[in-house]
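# Breakdown of the fold
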Amino acid sequence: MKSKYVMPCLLIFLFACSGLKQVPAINQGLGGYVYQLQGNQMPSPGKPASHGRGVSREIYIYEPTSISQTEGSSPVFKAIKTRLVARAKSDSLGHYSVNLAPGKYSVFIKEGQQFFAAESNGDGILNPVTIAPKTITPKNFTITINAVY
């Protein structure tokens, strides 16, 4: 009697597990989370600052890009005029990882039909990251387009 339930249970388990998507494991590149902040983010006593909620987004990695190599204005851009190197997608919790060769890059988060990049370094490079050999560089991004401070 018990054996007739084993096969249906096994099939249900296999189908359920096949729907799970995992972020691919990498041994060199970039990894972290994409968060989104919305609404009132003004600090107030007794209210801890939020890092936002993890969101699924497309992540575009370009050659190092300055604001003069884009169309639009910071932090949202309509077009990027440097070479696209890689793409990735964060999962429903915001986690992402992408294999990259050692070097310097700019990272843009696709937000609708535009690209989000809120940080820049002293050289004016947008959302800069540096990948070292045999290292996974941790980098989180927070989309703040709909946040109010």
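Residues numbered from 1 in each chain as written. Predicted model: local features only at pLDDT ≥ 70, side-chain atom pairs only at ≥ 80, totals over all residues. Heavy atoms only, no water.

## Details of the overall build of the protein
What the protein contains, in helices and strands, is one helix and twelve strands. In the protein, the succession of helices and strands from N to C terminus is α-β-β-β-β-β-β-β-β-β-β-β-β. In the protein, buried positions account for 36% of the 149 residues. Of all intrachain contacts in the protein linking residues separated by at least 6 positions in sequence, the fraction that spans at least 24 positions is 70%. Accessible surface for the protein amounts to roughly 9,400 Å². Of this, 58% is attributable to carbon and sulfur atoms. (Helix = DSSP H or I, 4+ residues; strand = E, 2+ residues; numbered from the N terminus. Buried < 20%, exposed > 50% of the residue type's maximum accessible area, 1.4 Å probe, protein only. Contact = heavy atoms within 4.5 Å. Areas by Shrake-Rupley, 256 points an atom, 1.4 Å probe, with all protein chains shown as cover.)

## Here we look at the environment of Val85
Tracing the backbone shows Val85 in strand β6 (residues 84-89). Sequence separation between Val85 and Leu100 is 15 residues; the distance between their C-alpha atoms is 8.4 Å.

## A closer look at the pattern of salt bridges
One pass over the full model with this rule turns up five salt bridges. With a shortest N-O distance of 2.9 Å, Glu119 and Lys139 are connected by a salt bridge. Of this pair, Glu119 sits in the loop between β9 (114-116) and β10 (128-131) while Lys139 sits in the loop between β11 (136-138) and β12 (141-148); the two residues are 20 residues apart in sequence, bridging distant segments of the chain. With relative accessibility at 35%, the residue Glu119 sits in the partly exposed group. Its relative accessible area of 18% is what places Lys139 among the buried residues. (Salt bridge = Lys/Arg side-chain N within 4 Å of Asp/Glu carboxyl O.)

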